[in-house]
Amino acid sequence: MTTITLPAEVTGTKNVPLHIKATIVDAQSVKWECDKQVVFTVSLDKQTLNFTPSVDGVYNFKVTADTTSRSVKVTVGSATPTPTPTPTPTPTPTPTPAPTTGLLYDDNVQGKMNNGVKRFVTDKEGNVAANGYGFTVNASGGGGINCLGNGQYNIEPASAGHRRLYRCVCNYNARIEGEFSFLTSDVRNFSIKGRNRHQYRDMVNKDAPDSKCQGGLGISFSIEEQNVSFQYETVHGTNGGSKNIVLPKKLEVGKWYKYKFSYKDASSSTVNIKVELDYGDGAGFKTVMNFTPTVPSVFFVKADFDTWSQFWLRLNDSGKIGLRNHKVYAI
């Protein structure tokens, strides 16, 4: 007949080995168990349990010999487990919101246009991901962007076309400002577009619907017609909202002009468009356009533009345009 002799209770100390001996007679099989998931060993003759408690508490061990079972209660320390210190959670960083005011981009900081390196860019330069501050060269006309390394860069198409520089700077309510010069007499005009996702389908998602490929809010300075004009482009080739204003003073070939182009929501369906121009004659900036058109709803999906958008600088037809000191501010 199988018999088991085992103490009913044992006390122990944390990190001190315990050796609990049982007397088991006439057993064919012996099995030890515990009510907690702990590490223990049993001697070869299955008579001794070896256990080193690492945490205060109560542990109930059971030994079964054939069909007979006995239990031993092991109390370690005060029987109240020493709590494992709860680590201080690392706070989840709050995403940095897109700035609503302040400088977003500078030609001579992020753009590195005055880094002393002369280069002629025909495809792209720098990081062209969202807010990567690099740029791509697109549209017809061949040629590219001639960076002189001193802050000036020229749009120089190889033949008549619509050569563009797309700068990777996310913008929504913003002011683009900079300087331009018609370097040759065959240039027609210089255009700027902000709140622009014209290249989204080409650069991000080839299956994007038209509603996610907003062409932008744009202005142009025409030396041919001596005016400043506004137009929106909902998607490539679909334009509207045209407005033209004769400039107060004629633009000339070879002179440098400073401009500011601001666009800011005035309501849920209108955007204030303001254009300022400095002729370099000592009179400073003069407002040459200031009106508030209604524009399509696709231009009010702020999340689109905060996530991925650009601004463009474009030469239309032949000739060369010089550019420098462009900056973008959130307003």
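Residues numbered from 1 in each chain as written. Predicted model: local features only at pLDDT ≥ 70, side-chain atom pairs only at ≥ 80, totals over all residues. Heavy atoms only, no water.

Asker: Can you break down the overall build of the protein residue by residue, with the values?
Answerer: Secondary structure assignment for the protein yields 2 helices and 26 strands. Relative to a compact globule of 331 residues, whose C-alpha radius of gyration would be 20 Å, the protein shows 38 Å and is clearly more extended. When its C-alpha atoms are laid out on the principal axes, the protein stretches across 115 × 45 × 40 Å. Looking at the protein residue by residue over its 331 residues, the buried ones come to 47%. Put simply, of all contacts in the protein between residues at least 6 apart along the chain, 64% involve residues at least 24 apart. Of the roughly 16,200 Å² that the protein leaves accessible, carbon and sulfur atoms contribute 51%. Seen as two clouds, the 37 positive and the 29 negative side-chain charges of the protein have centres 3 Å apart. (Helix = DSSP H or I, 4+ residues; strand = E, 2+ residues; numbered from the N terminus. Rg over C-alpha atoms; globule rule 2.2 N^0.38 Å. Buried < 20%, exposed > 50% of the residue type's maximum accessible area, 1.4 Å probe, protein only. Contact = heavy atoms within 4.5 Å. Areas by Shrake-Rupley, 256 points an atom, 1.4 Å probe, with all protein chains shown as cover. Lys, Arg positive; Asp, Glu negative; His and termini not counted. Charge placed at Lys NZ, Arg CZ, Asp CG, Glu CD.)

Asker: Mind laying out the pattern of salt bridges, listing which residues take part and the relevant values?
Answerer: If charged atoms from side chains of opposite charge come close, those side chains can pair. Evaluated as defined, the whole model comprises 15 salt bridges. Note that arginine 324 is salt-bridged to glutamate 179, the shortest N-O span being 2.8 Å. Within this pair, whereas arginine 324 is found in strand 26 (residues 321-330), its partner glutamate 179 is found in strand 17 (residues 174-182), the two being separated by 145 residues in sequence. Assessed through its relative accessible area of 11%, glutamate 179 is described here as buried. One connected set of salt bridges, linked through shared partners, spans Lys31, Glu33 and Lys62. (Salt bridge = Lys/Arg side-chain N within 4 Å of Asp/Glu carboxyl O.)

Asker: Outline the sheet that holds strand 8 (residues 57-65), supporting the account with residue identities and numerical values.
Answerer: A sheet is described by the order of its strands in space; here 4 strands give the open sequence 2-9-8-5, paired in mixed fashion. Two strands bound the open sheet, and with one partner strand each, they are strand 2 (9-12) and strand 5 (30-34). Across the sheet, the axes of successive neighbouring strands diverge by a mean angle of 20°, strand direction being ignored. Where strand 2 and strand 9 (residues 68-76) come together, 4 bridges link them in parallel fashion. For valine 10, the partnering residue across the bridge sits in strand 9 and is valine 74. (Pairing = 2+ DSSP bridges. Axes fitted to C-alpha atoms, helices over the stretch in contact; angles between N-to-C directions.)

Asker: So what about the layout of surface pockets? Which residues, and what values?
Answerer: Quantified by volume, the largest pocket comes out at close to 400 Å³. In terms of lining, the largest pocket is formed by 25 residues, of which the most central are Ser191, Ser220, Ser229, Gln231 and Arg314. Taken together, the elements giving at least two residues each to the lining of the largest pocket come down to strand 18 (189-196), strand 19 (216-222), strand 20 (227-235), strand 21 (238-246) and strand 25 (310-316). At 5 residues, strand 20 tops the list of elements feeding residues into the lining of the largest pocket. In terms of residue class, the lining of the largest pocket is made up of 3 nonpolar, 15 polar and 7 charged. (1 Å grid on protein atoms, 1.4 Å probe; cavity = no way out; pocket = protein on both sides within 12 Å on 5 of 7 lines; lining within 4 Å. Points joined across faces, edges and corners; volume = space filled by probe spheres on them. Nonpolar A, V, L, I, M, F, W, Y, C, P; charged D, E, K, R; others polar.)

Keep in mind these numbers describe shape, not what the thing actually does.
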